[in-house]
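Now for the letters of each chain:
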Amino acid sequence: MNRIIIGLMLALCVVVGAGLLGILDSRATDVFLEATRPDFQKIPIGVFGFQNGGGPEWLGGRIEEVLKADLQRSLVFSLVDLPGIGVKAREVSTADKAIFKQAAENGVSVLVWGKSGPRNGSADSELSMDGFVYDSGSDEVVGGKRYVGSTSVVRLMAHRFADELVFRYTGEPGIARTKIVYVAEHGNARELFVMDYDGYEPKQITADGFLNLMPRWSPDRRFIVFTAYRSRNTQDIDILELATGKRWTLVSMAGLNITPALSPDGNFLAFASSQDGNSEIYKLDTRTKASHRLTVNQGGDLSPTWSPTGREMAFTSDRGGAPQVFIMSADGSNVRRLTYEGDYNAAPAWSPRGNWVAYVCRTSQRLYKLCIVSPDGQKRVQVTTGPGIDDSPSWSPDGRHLTFSSTVDGKSHIYMVDTDGKNLERITFGGTHNSSPSWSPAL
Amino acid sequence: MTIRVATMGLTVVVGMLLVIQGGCSKKSIQSGGDAQSSDRGMAKSGGPAPSAMGSMGSTGSTGSTGGGGFDAPSATFPDLSLSSKPQDEPESGGLRGFDSVSGGKAPSEERLGGGGTMLAKVEPSESTARQIEDIRREQAKEQAASAEAGLRDVFFGYDSWTITEEGRQSLTQDAQWIKGNAGSLVKIEGHCDERGTLAYNLVLGEKRAKAVRNYLVELGVGANRLAVVSYGKERPFCNERNESCYQQNRRGHVVVRSK
């Protein structure tokens, strides 16, 4: 018995030692430990109704629907069909211990329910939502939340409750309150919009009347950087402050000024410009405004994407003739090719956990789909399949999903998919063209 | 028992590693290579330049709220460093955890407002409307002038920016018109079909536009009369999903520029 413990402790020391060595070596690539194991067992969760105490007719149902979708997308929980396991109650209260017990005995770990209606039962326009959580492990109602606000924040109430649940069971803030910035056709122009991660509440943030392209978030979610066509004939890289609508031009050089990406600490803007002839990658220090060219060759270099530590970038280059994904250090040194399969690989996006680079891969049938590759090039997986041109992959901050544009349903729309290709979900339905999504960092 | 101790130990170690890694990732980068001159080759060349000559970082413009005008110059960028961010319980993303409801106690109220990211409303201002109207008028003018001049476009193969024999014939005609109309300015727009990525198609479109420009220069047109711009696959001539439409969109569009 003791010998086993000592053996295990020794094994732990080896693990710790190796881990520390990996960390101290600053040249190491940005491969993080997976915070979620591949065999992660989802937590079975059951959602009862949200009793409606005199609010708008849709209120309780809306909260339940949004919450269930959030919990499903979290990939932390698996939704249990309560009637399916014989738990017939629709509405419960904290006192309904027998029902909780019955659900727990049928394998449900967490139960959630609530009520909603006008705040304090009064007829003012404010709504409130109460949510409660029962945990079968402790056989107790472990807590509750009460949210108040106008009808316009009902979805947010459910999103916030979902994030609280994810946080309670994983220590991560969840993605239910994240947003996606994207490009939508508006009149004859392409403008920027921001929507909730599930496609609701789209809001227009530019109205220039021509082309605004390739938006990306600042790491603190306060700003969007993007390419703006000034006077139709030149492209600038602009930055827009979401809270005020204030706008600055960061880059205004001759030729293409495209694919901007702010570093994880916000101090550098990487982008592609063709001011020196062909498209090359530059780095702008946003504090000193000094710029520095990182790539030097005859091919086109573009689409830089930072590793989560900011030490490296992946990018597209056609220096070998066809576009492929490369990696380099953030100072432009140590360039190496990452993708070898196929003759068209582009639009890389480094995952927030560091362990994958997503990109658009052209298959042997000449279809443009999403692939992911580990930064050491050892593992490669094709994520999406079937018809449609997929483009512009962007990671969810929890690293479990990708949002992207696809023409699979005809017109270009925004979709999300799990990294294993499951749960493909279309999230924009209106409009004639939606593209270039970028997922916000977590709050 | 043993297994439980080992599991706990492992959990702690993994937790520690994650914390340490997280710490590393927030460290700012000190790169020695960024102290260079910011003036190197930054001036705009050719192209219908807007009011100010663009030098990187020095022609900022404070836009009006509503995504409107660009013209007021400003020398500053917003502070983008994360240290300037109000630290809003970063660990939990502003989440406060659940309240105890034992004994029938109600949870405390949490008031919800804008949803974490406040968005300014875009109100199409007068200047925006004027800008959109200007764009429309200028485009119509260019189109009319180009039709009158009889300028011909050049079409390309899939993934290609090589000018075909047919393209050379078109450009020979275009060059004659340009040379015969002293003072005229011409813009070459590079376009692509919908296949491939948005970003790479912008580069491909620029290669096509530059191939056209270079051939016109070979034919004796002054480079200073030729501007290039790439629209990638963002301004297609048709939207059908077949080769004849794709062919229409793989184009160097030659336009008389309105002055």
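Rules and cut-offs
- As a convention, each chain's residues are numbered from 1 in the sequence order in which they are written.
- The lettering of chains begins at A and the numbering of ligands begins at 1, in the order of writing.
- In keeping with the predicted nature of the model, local features appear solely for residues at pLDDT of at least 70, side-chain atom pairs appear and are counted solely at 80 or more, and the whole-chain, interface and lining totals rest on all residues.
- Here a helix means four or more residues in a row that DSSP labels H or I, a strand means two or more in a row labelled E, and each is numbered from the N terminus.
- In this setup the radius of gyration rests on C-alpha atoms only. A globule is expected at 2.2 Å times the number of residues raised to 0.38.
- Three exposure classes are used. Buried residues have 20 or more other C-beta atoms within 10 Å of their own C-beta, exposed residues have 12 or fewer, and partly exposed residues fall in between, all C-beta atoms being placed from the backbone.
- Contact between two residues is assigned whenever their backbone-derived C-beta positions fall within 7 Å.
- pLDDT measures the predictor's confidence residue by residue and takes values from 0 up to 100.
- Strand pairing requires that DSSP identify at least two bridges connecting the strands.
- Crossovers are described as right-handed under a simple rule: with the strands pointing away from the observer, the path leading from the first strand over the helix to the second runs clockwise.
- Helix axes are fitted to C-alpha atoms over the stretch in contact, other axes to C-alpha atoms as well, and angles between N-to-C directions run from 0 to 180 degrees.
- Connectivity within a nonpolar core runs through C-beta atoms within 7 Å, and the core itself is a set of buried Ala, Val, Leu, Ile, Met, Phe, Trp, Tyr and Cys residues.
- Each domain's limits were defined by an automated method or a database of domain assignments.
- Multiply 1.5 Å by the residue count of a helix minus one, and that product is the helix's expected span.

Caption draft 1: Examining the overall build of chain A more closely. When you go through chain A residue by residue, the secondary structure sums to four helices and 29 strands. Computed over its C-alpha atoms, the radius of gyration of chain A comes to 24 Å, within 12% of the 22 Å expected for a compact globule of 443 residues. Considered along the principal axes of its C-alpha atoms, chain A spans approximately 75 × 70 × 45 Å. Taking all 443 residues of chain A together, 57% fall into the buried category. Taking contacts inside chain A between residues at least 6 apart in sequence as the whole, the part at least 24 apart equals 42%.

Caption draft 2: Region of interest: the confidence of the model for chain A. Summing up the model confidence of chain A, the mean pLDDT is 90 and the portion of residues at 70 or higher is 90%. Overall, residues 10-36 of chain A carries pLDDT values under 50, and its contacts beyond four positions in sequence, including any with other chains, amount to 33 contacts.

Caption draft 3: Here's a closer look at the pairing of strand β2 (residues 77-80) of chain A. Residue and element names in this part refer to chain A. When strand β1 (residues 43-52) meets β2, the two strands line up parallel, connected through four bridges. Along β2, the bridge assignment pairs P44 with S78. In this region the chain leaves β1, passes through helix α2 (residues 59-74) and returns to the parallel neighbour β2; the handedness of that crossover is right-handed.

Caption draft 4: Focus on the sheet that holds strand β9 (residues 212-217) of chain A. All names here are of chain A. Pairing within the open sheet is antiparallel, and its four strands lie in the order β9-β10-β11-β12. Of all the strands in the sheet, the pair left with one neighbour each is β9 and β12 (247-251). If you compare each strand with its neighbour and ignore which way they point, the axes differ by 30° on average. One ladder, built from four bridges, connects β9 with strand β10 (residues 223-230); its direction is antiparallel. In the strand pairing of β10, R216 is matched with V225.

Caption draft 5: Here's a closer look at the confidence of the model for chain B. All names here are of chain B. Of all residues in chain B, 65% attain a pLDDT of 70 or more, and the chain-wide mean is 74. Mean pLDDT values over the elements of chain B span from 38, in strand β1 (residues 60-61), up to 98, in strand β4 (residues 154-155). Below a pLDDT of 50 lies the segment residues 12-74, which in the model reaches 133 contacts outside its immediate sequence neighbourhood of four places, other chains included. Taken together, the chains of this predicted complex give a pTM of 0.84 and an interface ipTM of 0.88.

Caption draft 6: Broad picture of the nonpolar core. In this structure, A:I224 and A:V357 are the most contacted members of the largest nonpolar core, which totals 158 residues. For this core, the element with the most residues is helix α4 (residues 198-218) of chain B, which contributes eleven residues. Taken domain by domain, this core gets at least three of its residues from each of domain 1 (43-170) and domain 2 (179-439) of chain A. Residue contacts for A:I224: discarding those within four places in its chain leaves A:V181, A:L192, A:I205, A:P215, A:R216, A:W217, A:L240 and A:L242.

Caption draft 7: View of unusual backbone geometry. Residue and element names in this part refer to chain A. Of note in this structure, A347 is not a glycine but carries a positive phi near 55°. Looking at where A347 falls in the secondary structure, it is placed in strand β21 (residues 345-350). Within the chain, S392 stands out as a residue other than glycine whose phi angle is a positive 55°. Along the chain, the position of S392 falls in strand β25 (residues 390-395).

Caption draft 8: Fine view of the domain arrangement of chain A. According to the domain assignment, chain A consists of domain 1 (43-170) and domain 2 (179-439). Averaged C-alpha coordinates put domain 1 of chain A and domain 2 of chain A at centres separated by 37 Å.

Caption draft 9: Inspection of helix α4 (residues 154-170) of chain A at higher detail. Residue and element names in this part refer to chain A. Between its terminal C-alpha atoms α4 stretches 25 Å, which fits the 24 Å expected from 17 residues at 1.5 Å a residue. With 14 of 17 residues buried, α4 is to be regarded as a mostly interior element. At the C-terminal side of α4, G171 shows a positive phi close to 80°.

Caption draft 10: Seen up close, the environment of A:D163. Mapped onto the fold, A:D163 is located in helix α4. Assessed through the 26 C-beta atoms surrounding it within 10 Å, A:D163 is described here as buried. Distance from A:D163 to A:S74, taken between C-alpha atoms, is 8.7 Å for residues 89 residues apart in sequence. Not counting chain neighbours up to four residues away, the residues in contact with A:D163 comprise A:P173, A:G174, A:A176, A:R177, B:G93 and B:L95.

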